[in-house]
Amino acid sequence: CPSCAQPSSRVHSHYQRTPRDVPFGTKPVRLLLQVRRFFCDQPACPRRTFAERLPDLLPRKAQRTARSTAAVHA
């Protein structure tokens, strides 16, 4: 959990994210990621659920990968 730092294995639900990545030649690339939401079972924690994060691939709430963002800035 991002708030209390306790691990959780109890899955609440899942959803899909479809960020853009750098093109493959002339073809655009869109990833299809399955992201899980978990319950936080700590009674003192203000969060009830939280989503898993993918910091090496995709910043929080980003619509494109870090590689794609770097390519746009270059």
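Residues numbered from 1 in each chain as written. Predicted model: local features only at pLDDT ≥ 70, side-chain atom pairs only at ≥ 80, totals over all residues. Heavy atoms only, no water.

Asker: Hey, could you go over the overall build of the protein chain for me, with residue numbers and the actual values?
Answerer: Scanning the protein chain from N- to C-terminus turns up one helix and five strands. Secondary structure elements in the protein chain, listed N-terminal to C-terminal, are β-β-β-β-β-α. Rg of the C-alpha trace for the protein chain: 15 Å, well past the compact-globule value of 11 Å for 74 residues, more than 25% over. Seen along its three principal axes, the alpha-carbon backbone of the protein chain occupies a region of about 50 × 20 × 15 Å. Taking all 74 residues of the protein chain together, 20% fall into the buried category. Surface summary for the protein chain: the accessible area is close to 5,600 Å², and the carbon and sulfur share equals 54%. (Helix = DSSP H or I, 4+ residues; strand = E, 2+ residues; numbered from the N terminus. Rg over C-alpha atoms; globule rule 2.2 N^0.38 Å. Buried < 20%, exposed > 50% of the residue type's maximum accessible area, 1.4 Å probe, protein only. Areas by Shrake-Rupley, 256 points an atom, 1.4 Å probe, with all protein chains shown as cover.)

Asker: Pulling in residues and values, what's your account of the pairing of strand β4 (residues 33-39)?
Answerer: Two faces, one strand: in a regular strand the side chains alternate between the faces of the sheet. As defined by bridge partners, strand β1 (residues 11-17) adjoins β4 across six bridges and the pair is classed as antiparallel. Bridge assignment links Arg17 to a residue of β4, and that residue is Leu33. Strand direction decides the pairing type here: β4 and strand β5 (residues 49-51), joined by three bridges, are antiparallel. Across the sheet, residue Phe39 finds its bridge partner in β5, namely Thr49. (Pairing = 2+ DSSP bridges.)

Asker: Talk me through the layout of surface pockets; I want residue IDs and the actual numbers.
Answerer: Empty space within the largest pocket amounts to approximately 300 Å³. Contributions of two or more residues to the lining of the largest pocket are made by β1, β4 and β5. For the lining of the largest pocket, the per-class residue count stands at nine nonpolar, no polar and seven charged. (1 Å grid on protein atoms, 1.4 Å probe; cavity = no way out; pocket = protein on both sides within 12 Å on 5 of 7 lines; lining within 4 Å. Points joined across faces, edges and corners; volume = space filled by probe spheres on them. Nonpolar A, V, L, I, M, F, W, Y, C, P; charged D, E, K, R; others polar.)

Asker: I'd like to hear about the pattern of salt bridges, residue by residue, with values.
Answerer: Applying the stated rule across the entire model yields three salt bridges. The partner of Asp21 in a salt bridge is Arg67, and the shortest N-O contact between them spans 2.6 Å. Residue Asp21 is located in strand β2 (residues 20-24), and its partner Arg67 is located in helix α1 (residues 66-73); the two are separated by 46 residues in the primary sequence. On the accessibility criterion, Asp21 (13% relative accessible area) is buried. Notably, a salt bridge pairs Glu52 with Arg36, separated by 3.0 Å at the nearest N-O pair. Remark: Arg36 occurs in strand β4 and Glu52 occurs in the loop between β5 and α1; sequence separation between them is 16 residues. (Salt bridge = Lys/Arg side-chain N within 4 Å of Asp/Glu carboxyl O.)

Asker: Which residues make up the sheet that holds β4, and what values go with them?
Answerer: Pairing is antiparallel across the open sheet formed by three strands, whose spatial order is β1-β4-β5. With one partner strand each, in any of the chains shown, β1 and β5 form the two edges of the open sheet. Between one strand and the next, the sheet's axes are offset by a mean angle of 25°, whatever the strand orientation. (Axes fitted to C-alpha atoms, helices over the stretch in contact; angles between N-to-C directions.)

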